[in-house]
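# Observations on the three-dimensional arrangement
The chain contents come next:
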Amino acid sequence: MTEIISHNEAETEEAGARLAETIPANVSLVALYGELGAGKTAFVRGLVSVLSPGSRVKSPTYTIVNEYVLGNKPVYHFDLYRLAGKEDVYSMGIEEYLAHGICISEWSERFEDELPEGSVKVMIDKLNGSTRKILIELN
Ligand SMILES: Nc1ncnc2c1ncn2[C@@H]1O[C@H](COP(=O)(O)OP(=O)(O)O)[C@@H](O)[C@H]1O
Ligand SMILES: [Mg+2]
């Protein structure tokens, strides 16, 4: 378990980039947790800056998944907010995506604690103002 205190958006992006640089090869999902405005998408921008350099990260709230293809393997960026729960997550075919590339999910609460094998959990909590506590749990 790693704990990082971030004081601004740039530091949260930096934490994402650092995780991407050190991520074990067997990790297929980075599962993000945290309320609206916690900084999940900011963290994803950092991850993608390393995993698919040059890709523009956009929140996939309406499309559920965005694909970034400028790295060694495709990166699939999910926003699970609109899904009801784990049945929805698994019936949208997440396992296909896991097999083909690296997945990153916002609103991982929708997995209801049934994360796939090879997941890393990233929990972002708003402390005060622009301070965030980022917990990274490599299983
Ligand atoms: N330490 C911080 N880390 C990340 N975002 C921060 C931080 N402090 C303030 N913010 C602001 O909070 C918002 C986070 O937005 P976003 O990354 O889209 O969150 P989420 O995807 O969790 O809803 C942005 O407006 C950002 O400027
Ligand atoms: Mg977001």
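Refer to the preceding data block for the structure.
The paragraphs below set out a description of the structure included in this document.

Here is what the cut-offs are and how they apply
- Throughout this description, residue numbers start from 1 for each chain and increase along the sequence as written.
- Key to labels: chains lettered from A, ligands numbered from 1, both in the order written.
- Since the coordinates come from a predicted model, pLDDT governs what is reported: local features require at least 70, and pairs of side-chain atoms require 80 or more to be given and counted, while whole-chain, interface and lining totals use all residues.
- The basis for every side-chain value is the complete set of non-hydrogen atoms in the structure, without hydrogens or water.
- Nitrogen, oxygen and sulfur within 2.8 Å of a metal are treated as its donors, or within 3.2 Å for sodium, potassium and calcium (Na, K, Ca); water is not counted, so a site can appear incomplete.
- Secondary structure is summarised from DSSP: a helix means a run of H or I of at least four residues, a strand means a run of E of at least two, and numbering begins at the N terminus for each.
- Three labels apply to residues, based on accessible area from a 1.4 Å probe with only protein chains included: buried if under 20% of the type maximum, exposed if over 50%, partly exposed otherwise in between.
- Under the convention used throughout, the expected extent of a helix is 1.5 Å for every residue step, that is, one less than its residue count.
- Only heavy atoms enter the contact rule, under which two residues are in contact if any of them lie within 4.5 Å.
- Between N or O atoms, a polar contact is any pair within 3.5 Å; within protein, one atom must be a potential hydrogen donor and the other a potential acceptor, and residues adjacent in sequence are included only when both atoms are from side chains.
- In plain words, nonpolar cores are sets of buried Ala, Val, Leu, Ile, Met, Phe, Trp, Tyr and Cys residues tied together by side-chain atoms within 4.5 Å.
- Paired strands, as defined in this entry, are two strands with at least two bridges between them according to DSSP.

### Considerations on the coordination of the magnesium ion (ligand 2)
With distances of 2.2 Å, the protein atoms coordinating the magnesium ion (ligand 2) are Thr-41 (OG1) and Glu-106 (OE). Here Thr-41 is found in helix H2 (residues 40–51), whereas its partner Glu-106 is found in strand E5 (residues 102–106), with 65 residues between them in sequence. Classification of Glu-106 by relative accessible area gives buried; the value is 3%.

### Some remarks on helix H1 (residues 9–22)
Taking 1.5 Å per residue as the helical rise, H1 with its 14 residues ought to reach 20 Å, and the 21 Å between its terminal C-alpha atoms agrees with that figure. Restricting attention to buried positions, one finds in H1 the residues Thr-12, Ala-15, Gly-16, Ala-17, Leu-19 and Ala-20. On its buried side, H1 packs onto strand E1 (2–6), strand E2 (29–33), H2, strand E6 (119–126) and strand E7 (132–138). One side-chain oxygen of the residue at the start of H1 lies 3.2 Å from the amide nitrogen of Ala-10, identifying that residue as Asn-8.

### Regarding the nonpolar core
Grouped together as the largest cluster of nonpolar side chains are 24 residues, with contacts concentrated most on Leu-19, Phe-43, Leu-47, Ile-104, Val-122, Ile-134 and Ile-136. For this core, the elements supplying multiple residues, two or more each, are H1, E2, H2, E5, E6 and E7. With 5 residues, H2 is the single largest residue contributor to this core. Look past the residues within four positions of Leu-47 in its chain and what remains in contact with it is Gly-16, Ala-17, Leu-19, Ala-20, Val-30 and Ile-104. By size, the runner-up hydrophobic cluster in this structure holds 14 residues, among which are Leu-29, Tyr-76, Phe-78 and Ile-94.

### Here we look at the pairing of strand E4 (residues 75–79)
Along E4, 5 of the 5 residues are buried, which leaves the element largely enclosed by surrounding structure. As defined by bridge partners, strand E3 (residues 65–68) adjoins E4 across 4 bridges and the pair is classed as antiparallel. From the neighbouring strand, Glu-67 faces E4, where its bridge partner is Tyr-76. Taking the residues between adjacent antiparallel strands as the criterion, E3 and E4 are bridged by 6 residues.

### Remarks on the environment of Glu-3
Mapped onto the secondary structure, Glu-3 falls in strand E1. By relative accessible area, Glu-3 is classed as exposed at 51%. Filtering out sequence-adjacent residues up to four positions away, Glu-3 remains in contact with Lys-133, Ile-134 and Leu-135.

### Describing the pairing of E2
The two faces of the sheet receive side chains in turn, since in a regular strand these alternate between them. Burial analysis of E2 places 5 of its 5 residues in the buried class, which makes it a mostly covered element. Burial along E2 is two-sided: the face carrying Leu-29, Ala-31 and Tyr-33 and the face carrying Val-30 and Leu-32 are both buried. With 3 bridges connecting them, E2 and E5 associate as parallel partners. Counted as the bridge partner of Leu-29 is Cys-103 from E5. Pairing geometry for E2 and E6, over 5 bridges, is parallel. Note that in E6 the partner of Val-30 across the bridge is Val-120.

So yeah, pure geometry; function would need other evidence.
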